[in-house]
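A look at the structure
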Amino acid sequence: MKFRRKSDATEPAGADEASKETPEAAPEGPFDAADLPEVPEGLQRIDLGSLLVVAPEGLELRLQVDEATEQIQAVLLAGADGALELRAFAAPRGGDLWGDVRPQIAADMVQRGGTATEQEGRYGTELLCELTRTMPDGRTGKQLSRIVGVNGNRWMLRATLIGAPARGTDIAEPWLSALSQVGVERGQGAMPVGEALDLVMPEGARRVGPAVPPGTKDARGRTTEDPHFGHDHD
C-alpha cells in the first residue's frame, strides 16, 4: 500500500527543493567509539587504543611517552604556534568526573604559583590557566593553557589547549575542530574512577623531539617534571 501526502497546499512552495539544498549538519563529538561518524573526506582516523583521532591538515600527531616506562601518557596534535593535548580517563556511569576534578586542577595550579579561571566555552565550563615556567636557558616565561573537560559514557576526555590556541581567538578553531572528531574507546572492564585509559603506539610511529614543554598530568591535572619524548605519525 502506498501513501500520498495530503495536499501540497499545506506546505510552502519550494519546501522540497529547500530541504534538498540544505544538508544536515554533521554531528559534533567527542564521541563514544561505538557512535563514531564517517571520517571527513580526505582525512584519516588513527587508532591509538582508547583514543581514535583525526589529525587535520596542518597539525601533527605526536605522543607524549614516559621515558622511564615507555608508556604513552598523552596524545598531542601539534602546530607551529601551539598544541592540543588529549587524555581519557575512566569515569562513573552517569557521573560528572569533570565537575569533580576541575576544582582540584585549579587548586593545584594555584599551589604551583599559577592562576586558574573558570570560563564558559563550547563544551561548558573550562579552565583558563597561566603558569610561570623557567626555561632551560634560565629565562622565565608565561605558559597559557585552556583545559576542556567532556563527560562521556563511563569516560571523561580532558583536552588541553597550549600556547596560542588557549587565547580563545579564531586560532583555536583547527584544534577544537579536531577535538570534535575524537572517539573514546572505554572498554567493558571495571576500572577505578580517574584511571587513565590505555593508549597504544600506532604503526609507523617514529621518535622525534618534544612537542611541548615537559610535564605529564593525571586526571586531576597534577604535573610531574619528568622529561618526555614525542612520536609523530605519518
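The coordinates are above.
Throughout what follows, the structure given in this document is the object of discussion.

A word on the sheet that holds strand S11 (residues 183-184)
Taken in spatial order, the four strands of this open sheet run S1-S11-S3-S2, and their pairing is mixed. Unpaired on one side and paired on the other, strand S1 (31-32) and strand S2 (45-47) mark the two borders of the sheet. Judged from the two bridges that link them, S1 and S11 form a sheet pairing that is parallel. Among the inter-strand pairings, phenylalanine 31 is bridged to a residue of S11, identified as glycine 183.

A closer look at the side chain of threonine 160
Note that threonine 160 resides in strand S10 (residues 155-163). Threonine 160 gets classed as buried once you look at its relative accessible area, which sits at 1%. In this structure, threonine 160 is in contact with Ala83, Leu84, Glu85, Ser145, Arg146 and Ile147, ignoring residues within four places of it in sequence.

Description of the nonpolar core
Membership of the largest hydrophobic core comes to 31 residues, with the highest contact counts inside it found for Leu51, Val75, Leu86 and Leu157. What leucine 157 contacts, discounting residues up to four positions off in sequence, is Pro30, Leu51, Arg87, Ala88, Val148, Gly149, Val150, Leu179, Val182 and Val184.

Some words on the side chain of arginine 87
Mapped onto the elements, arginine 87 comes out in strand S6 (residues 82-90). The buried charged residue arginine 87 lacks any salt bridge, with glutamate 85 as its nearest oppositely charged partner at 5.8 Å. In this structure the side chain of arginine 87 is engaged in a polar contact, spanning 2.6 Å, whose partner is the backbone oxygen of glutamine 73.

A closer look at the pattern of salt bridges
A full pass over the atoms with the stated rule returns nine salt bridges. In this structure, glutamate 60 engages arginine 62 in a salt bridge whose closest nitrogen and oxygen atoms are separated by 2.5 Å. The partly exposed category is assigned to glutamate 60, whose relative accessible area is 28%. One salt bridge in this structure joins arginine 102 and glutamate 118, with 3.0 Å as the shortest N-O distance. Here arginine 102 is found in helix H2 (residues 97-111), whereas its partner glutamate 118 is found in strand S7 (residues 115-121), with 16 residues between them in sequence.

Points about H2
An ideal rise of 1.5 Å per residue puts 21 Å on 15 residues; H2 measures up with 21 Å between its terminal C-alpha atoms. Of the residues making up H2, those classed as buried are Leu97, Trp98, Gly99, Val101, Arg102, Ile105, Ala106, Asp108 and Met109. Two residues or fewer after H2 comes glycine 113, characterised by a positive phi angle close to 95°.

Rules of the game
Residues numbered from 1 in each chain as written. Predicted model: local features only at pLDDT ≥ 70, side-chain atom pairs only at ≥ 80, totals over all residues. Heavy atoms only, no water. Pairing = 2+ DSSP bridges. Helix = DSSP H or I, 4+ residues; strand = E, 2+ residues; numbered from the N terminus. Buried < 20%, exposed > 50% of the residue type's maximum accessible area, 1.4 Å probe, protein only. Contact = heavy atoms within 4.5 Å. Core = buried A, V, L, I, M, F, W, Y, C linked by side-chain atoms within 4.5 Å. Lys, Arg positive; Asp, Glu negative; His and termini not counted. Salt bridge = Lys/Arg side-chain N within 4 Å of Asp/Glu carboxyl O. Polar contact = N/O pair within 3.5 Å; in protein donor to acceptor, adjacent residues only side chain to side chain. Expected span 1.5 Å × (residues − 1).

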